[in-house]
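# Observations on the three-dimensional arrangement
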Amino acid sequence: MDRKEFRKLFEKHELTDQLCQLVNTPGEKVHLQGIVGSARSILCCLLSTGITETLVVCLNDREEASYFYDDLNTLSPEAPVLFFPSSYKRSVHYETIEQENIILRTDVLNQLKQQKQLLIVTYPEALVEKVISGEGLSSHTFQVSKGDKLSIGFINEVLYEYGFDRVDFVYEPGQYSIRGGIVDIYSFASEDPYRIDFFGDEVDTIRTFNIDDQISKESLSQISIIPNIQENIDGEERISFLDFIPGNSMLLFNDIQLIADQMEHNFSQTIEKAENEEERKSWFDKLFSGKDFVSDINRFTCVEFGQKVFFEHSRIIAFHTAHQPVFNKNFDLLADNLITHQKEGYTNYILSTNVSQT
């Protein structure tokens, strides 16, 4: 059985249809009872195909969010699933920037700006950081398309204004190089750098390439060149991620109160370590508190699938899934469990993405 056939088993369930009907009501609050393990990921995949809105799944910490993101990619590799992390290696009050995380954040914002329906996975440390506004992102995005009439000198000026560093060979975001009619650019909105070949003043080809061996990977017709929008950009206000996403987006949570508490903790810790009033105000402008988060989510359609319920008057949909027993690599226990279920009338499905495990 492949993943599509397995998903169809859930699609046929009457509660899945009931859930899709409920969440299509703007502002609805739904509590999914008895939904555990990867069943949550499967339902998210089904919701993403059953509605036209953007889905944002917020989990309790980065580890849980990462596992959930991997599940979604495995179950639905064709869907646009994105990961929205914190800019920092741990959390904001440690102030250790992670360049890879900035690329992932910028990619999410860029795709949202293009009004694509997305499935986004995130966690409290990422939501506590405010982002540039949609208008600000547009004004700091340079689009290049195949066939454009551009001079290399003009691109050089734009990249200089964006704060890109000119180097001999690019190896990290925020760098560019010019060699004859070839311009290499490492945008903050792409995991790989771009190579633009010019024929005179016309963009002839655009490709991504591997920074280790310089071999081309993918041909593109259009690219977005975006600077480091996580840094202070003069005159640009910061807004919460909830203000950036479309107003008809759906939010899914495991534990809203825990998420809000984590955000408030990071917010308070960062503000308290400020050494003067100017630095304190700067952090206030950059961060989104847990209290404001709780106030803001009420305007969205919200689905809770944890044991604790935040919204008192939620519509309840009760599933009856159970956690997998712990077998500790004991195949006798596994066999007994499968035989017992078969005798009780269940159908057993064994799923794995690992060939050797299968």
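Residues numbered from 1 in each chain as written. Predicted model: local features only at pLDDT ≥ 70, side-chain atom pairs only at ≥ 80, totals over all residues. Heavy atoms only, no water.

## Focus on the nonpolar core
The condition that has to hold: Only buried Ala, Val, Leu, Ile, Met, Phe, Trp, Tyr and Cys residues count toward a nonpolar core, and they belong to the same one when joined by side-chain atoms within 4.5 Å. The buried label goes to any residue with under 20% of its type's maximum accessible area, the exposed label to any with over 50%, and the partly exposed label to all in between, with areas taken from a 1.4 Å probe on protein chains only. The contact definition used throughout considers only heavy atoms, calling two residues in contact when any of these lie within 4.5 Å.
By size, the foremost hydrophobic cluster in this structure holds 81 residues, and its most contacted members are L32, F241 and F293. Among residues more than four places away in sequence, those in contact with F241 are V56, F84, V108, L109, L112, I120, L127 and V131. In this structure, V144, I155, F198 and V203 belong to the second largest nonpolar core, which totals 20 residues.

## Description of the side chain of T122
Short version of the rule: Segments assigned H or I by DSSP are reported as helices when at least four residues long, segments assigned E as strands when at least two residues long, and all are numbered from the N terminus. What qualifies as a polar contact is a pair of N or O atoms within 3.5 Å, subject to a donor-acceptor requirement within protein and to the restriction that residues adjacent in sequence count only when both atoms come from side chains.
Residue placement: T122 occurs in strand 4 (residues 119-122). There is a polar contact of 2.8 Å between the side chain of T122 and the backbone oxygen of F84. Apart from residues no more than four positions distant in its own chain, T122 is found in contact with V56, V57, C58, L59, A65, F84 and L127.

## Points about the sheet that holds strand 17 (residues 315-318)
Heads up, the rule is: When DSSP locates at least two bridges between a pair of strands, those strands are taken to pair. Only the stretch in contact is used when fitting a helix axis, every axis being a line fitted to C-alpha atoms; angles between N-to-C directions are given from 0 to 180 degrees.
As summarised here, the arrangement of the seven strands in space is 3-4-2-15-16-1-17, forming an open sheet in which the pairing is parallel. Strand pairing shows two members of the sheet lacking a second neighbour, strand 3 (81-84) and strand 17, which therefore form its edges. For this sheet the average axis-to-axis angle between neighbouring strands, irrespective of direction, equals 20°. Inspection of the sheet shows strand 3 paired to strand 4 by four bridges, in the parallel sense. Across the sheet, residue F83 finds its bridge partner in strand 4, namely V121. Packing of helix 4 (residues 62-75) onto the sheet brings it into contact with strand 2 (55-58), strand 3 and strand 4, and relative to strand 3 it is tilted by some 170°.

## A look at unusual backbone geometry
Of note in this structure, Q214 is not a glycine but carries a positive phi near 65°. Summarising the element assignment, Q214 is placed in the loop between strand 11 (202-209) and strand 12 (216-220). With a relative accessible area of 26%, Q214 lands in the partly exposed category.

## So, the pattern of salt bridges
Rule in force here: Any Lys or Arg side-chain nitrogen found within 4 Å of a carboxyl oxygen on Asp or Glu counts as a salt bridge.
Throughout the structure, instances matching the rule amount to 11 salt bridges. Note that E64 is salt-bridged to R40, the shortest N-O span being 3.7 Å. Placement of the pair is E64 in helix 4 and R40 in helix 3 (residues 39-50), with a sequence separation of 24 residues. Given the relative accessible area of 19%, E64 is considered buried. Note that D285 and K281 form a salt bridge whose closest N and O atoms lie 3.1 Å from each other. On the criterion of helical spacing, the pair formed by D285 and K281 is a turn pair, its members being four residues apart in helix 11 (residues 277-286).

## Overview of the layout of surface pockets
Leftover empty space is mapped by rolling, across the atoms, a probe with the size of a water molecule. Note the following rule: The rule is simple: put a 1 Å grid over the protein atoms alone, call a set of points where a 1.4 Å probe fits but cannot get out a cavity, call an open set with protein on both sides within 12 Å along at least five of seven lines a pocket, and count a residue as lining if it has an atom within 4 Å of a point. Grid points are joined across faces, edges and corners, and a volume is the space filled by probe spheres set on the points. Classes in brief: Ala, Val, Leu, Ile, Met, Phe, Trp, Tyr, Cys and Pro nonpolar; Asp, Glu, Lys and Arg charged; the others, Gly included, polar.
For the largest pocket, the calculated volume is near 2,500 Å³. Residue lining of the largest pocket: 44 residues in total, with F6, Q324, Y349, I350 and L351 positioned closest to the centre. The set of elements that each furnish at least two residues to the lining of the largest pocket consists of helix 1 (3-11), helix 2 (14-23), helix 3, helix 4 and helix 13 (331-343). At five residues, the largest contribution of residues to the lining of the largest pocket is made by helix 13. Counted by class, the lining of the largest pocket contains 22 nonpolar, 18 polar and four charged residues. Taken as a whole, the second largest pocket spans an internal volume of roughly 680 Å³. If you go around the second largest pocket, you meet 28 residues; those closest to its centre are D107, Q111, A189, S190 and Y194. At the level of elements, helix 4, strand 3, helix 5 (99-113), strand 12 and strand 13 (222-225) are the ones that each hand at least two residues to the lining of the second largest pocket. With eight residues, the top contributor of residues to the lining of the second largest pocket is helix 5. By residue class, the composition of the lining of the second largest pocket is 11 nonpolar, nine polar and eight charged.

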